[in-house]
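Understanding the architecture of this molecule
So you can see what is in the structure, the chains are spelled out below.
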Amino acid sequence: MAAPKDVIWPRDPHTAAKHALLRRYLQAWAPIMLSRNEVVTYAEGFAGPGIYRDGEPGSPVIAHQVFSGALRRSPQRVKMVLVEENGRRKTELERRIAAAVDSSGSRGDRLDVHIAQGQCHPDLLQQLDRTGSLHHPMFVLLDGFGGPDVPFPLLQRIATQHRSEVMVTFQPAFLVRFSEKAEHHRSAGDAFFGGTQWHGVFQQPSSRKAAYLRDRYRESLGRAGFQHTLVFEMIDEAGHLLYLIFGTRHERGVEKMKDAMWVVDTTSGVRYRDPKDPNQQALELELEPDTGPLRRILLDHLSTVAAARSVDQLKKFALLETVYRPTQVIPLLKRMRDQEEVNVSPGRITGTSTVTAVRQDALF
């Protein structure tokens with residue numbers, strides 16, 4: 001979508017879901033990182049005004065609330081580096097952060113907020129350098145308006161701090177339209193993807209363009225230096241799709257992000273899909289989740305590998321390659337074994353148990 005012209009605009013369902021996920025993840029990230037580092041940084045390249053039309057807090061205010069609470073139990077320091085291009089929105093953001101400070105109680109120098117007017121690139125990187133944040137672990141939110149507005153060199157620079165993480169959002173509908181006009185905009189696309197690998201989208205059928213661009217961008221994060229990437233497909237009640245891509249070097253970061261996803265309130269009208277599910281089934285985030293998509297993904301995976309897989313290998317596959325959690329694998333394998341869809345080595349299912357697919361028709 002295009003950037004809103006108003007200073008403050010309504011919060012859409014996708015944004016509500018993203019913010020719920022962000023709050024949950026930062027609540028896990030902050031105490032872990034503050035227990036291991038004297039200083040951590042939270043940064044945004046598209047900070048916005050800090051509030052929505054009906055009074056809902058924006059992501060900078062949510063982050064401020066989380067870190068203010070975390071610092072009550074920690075003697076460490078947090079820097080917040082917020083960049084917003086629009087001058088009126090920057091002024092509104094400063095008001096909202098000041099109100100957040102008043103309501104939470106000032107943490108003094110231990111929660112240091114830097115708000116600057118400028119573009120995500122190059123201004124965010126300049127502010128991170130000016131504040132010394134590039135030498136400390138960072139969580140960087142790059143939540144733009146759907147276009148190719150996050151250059152690859154910015155991701156590379158963030159990734160040089162090996163404990164840093166990034167979350168990028170984009171709207172595939174925008175990128176599909178962008179790709180159709182790419183004869184005039186290839187240089188911008190090359191800067192976004194970090195090369196020409198995405199040019200294969202021109203040969204893709206319309207139904208595959210969005211997924212193709214999604215997969216190429218996930219690869220771009222990997223090439224930038226984020227060893228592990230996690231893709232969330234978020235679909236609202238009107239069928240609008242948003243990709244949320246998380247990059248980290250640490251498996252624990254992936255695990256904590258998934259934990260956050262699976263406890264997010266679903267009343268916002270947004271559901272998730274697993275990109276690897278051939279049926280593209282929307283997921284209900286429930287206490288007893290529907291693992292039908294994971295069943296199809298595991299059967300597809302087992303059918304394409306030459307040898308049996310251990311349960312530990314399947315749990316790691318679920319962690320790094322799906323939106324499911326490793327703890328959901330063993331209960332599912334027990335049901336699949338009982339239904340004779342997989343063959344599991346005899347005895348109690350443990351991490352070293354081996355698994356093979358039994359029936360190819362179980363894929364359908």
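Summarised in this report is the structure supplied together with it. On a predicted model such as this, the values are computed, not experimentally measured, just so you know. (Residues numbered from 1 in each chain as written. Predicted model: local features only at pLDDT ≥ 70, side-chain atom pairs only at ≥ 80, totals over all residues. Heavy atoms only, no water.)

**Here's the deal with unusual backbone geometry**
Under the convention used in this document: Strands here mean DSSP runs of E at least two residues long; helices mean DSSP runs of H or I at least four residues long; both are numbered from the N terminus.
Of the consecutive residues His121 and Pro122, the connecting peptide bond is found in the cis state with omega at 15°. Phi angles above zero are rare outside glycine, and Glu340 is one such case at about 60°. Structurally, Glu340 is set in the loop between helix H12 (329-338) and strand E11 (342-344).

**Quick notes on the sheet that holds strand E12 (residues 354-357)**
Stated formally: For two strands to be treated as a pair, DSSP must find at least two bridges joining them.
Read from one edge to the other, the open sheet built from three strands follows the order E10-E12-E11, with strand pairing classed as antiparallel. Because the sheet does not close on itself, it has two edges, and the strands there are strand E10 (309-310) and E11. Here E11 pairs with E12 via three bridges, running antiparallel. Looking at the pairing, Val342 lines up with Ala357 of E12.

**Some details on the sheet that holds strand E4 (residues 138-143)**
The nine strands lie next to each other as E3-E2-E1-E4-E5-E7-E6-E8-E9, forming an open sheet whose pairing is mixed. This sheet does not close on itself; its edge strands, each paired only once, are strand E3 (111-117) and strand E9 (282-283). Sheet topology note: the strand E6 (residues 228-236)/strand E7 (residues 241-248) ladder contains eight bridges and is antiparallel. Each residue of the ladder has a partner; that of Glu233, found in E7, is Tyr243.

**Observations regarding the environment of Phe232**
This is how it is decided: Summary of the burial criterion: residues with accessible area below 20% of their type's maximum are buried, those above 50% are exposed, and those between are partly exposed, where the area comes from a 1.4 Å probe applied to protein chains only. Note on contacts: a residue pair qualifies if any of its non-hydrogen atoms lie within 4.5 Å across the two residues.
Secondary-structure assignment places Phe232 in strand E6. Here Phe232 falls in the buried class, since its relative accessible area comes to 0%. In sequence terms Phe232 and Ser187 are 45 residues apart; their C-alpha atoms lie 27 Å from each other. Excluding anything up to four places from it in sequence, Phe232 contacts Leu21, Leu242, Tyr243, Leu244, Met257, Met261, Tyr272 and Val323.

**Some remarks on the side chain of Ser74**
Stated precisely, the cut-off is as follows: Any pair of N or O atoms that falls within 3.5 Å is considered a polar contact. Within protein, one atom must be able to donate a hydrogen and the other to accept it, and sequence-neighbouring residues count only if both atoms are side-chain atoms.
When you line up the elements, Ser74 lands in the loop between helix H2 (59-71) and strand E2 (77-84). A relative accessible area of 11% places Ser74 in the buried class. Within the structure, Ser74 has its side chain in polar contact with the backbone nitrogen of Gln76 (distance 3.2 Å).

**Focus on the packing of H2 against helix H3 (residues 87-104)**
Put simply, the rule reads: Here an axis means a line fitted to C-alpha atoms, over the contact stretch when the element is a helix, while the angle between two N-to-C directions is reported on a 0 to 180 degree scale. By the definition adopted for this analysis, an angle is roughly parallel if under 35 degrees, roughly antiparallel if over 145, roughly perpendicular if from 65 to 115, and oblique otherwise. By definition, any crossing whose near helix is turned counterclockwise from its far helix by less than a right angle is left-handed, and any crossing with a clockwise turn is right-handed. Ten residue types, Ala, Val, Leu, Ile, Met, Phe, Trp, Tyr, Cys and Pro, are classed as nonpolar, four, Asp, Glu, Lys and Arg, as charged, and the remainder, Gly among them, as polar.
Two elements in contact, H2 and H3, have axes whose closest approach is 10 Å; the angle formed by their N-to-C orientations is 25°. In terms of their interaxial angle, H2 and H3 are classed as roughly parallel. With respect to the hand of their crossing, H2 and H3 are arranged in right-handed fashion. Only Leu93, Arg96, Ile97, Ala100, Val101 and Ser104 of H3 make contact with H2, whose side of the interface consists of Pro60, Val61, His64 and Ser68. Of the residues in the contact of H2 with H3, the class split is six nonpolar, three polar and one charged.

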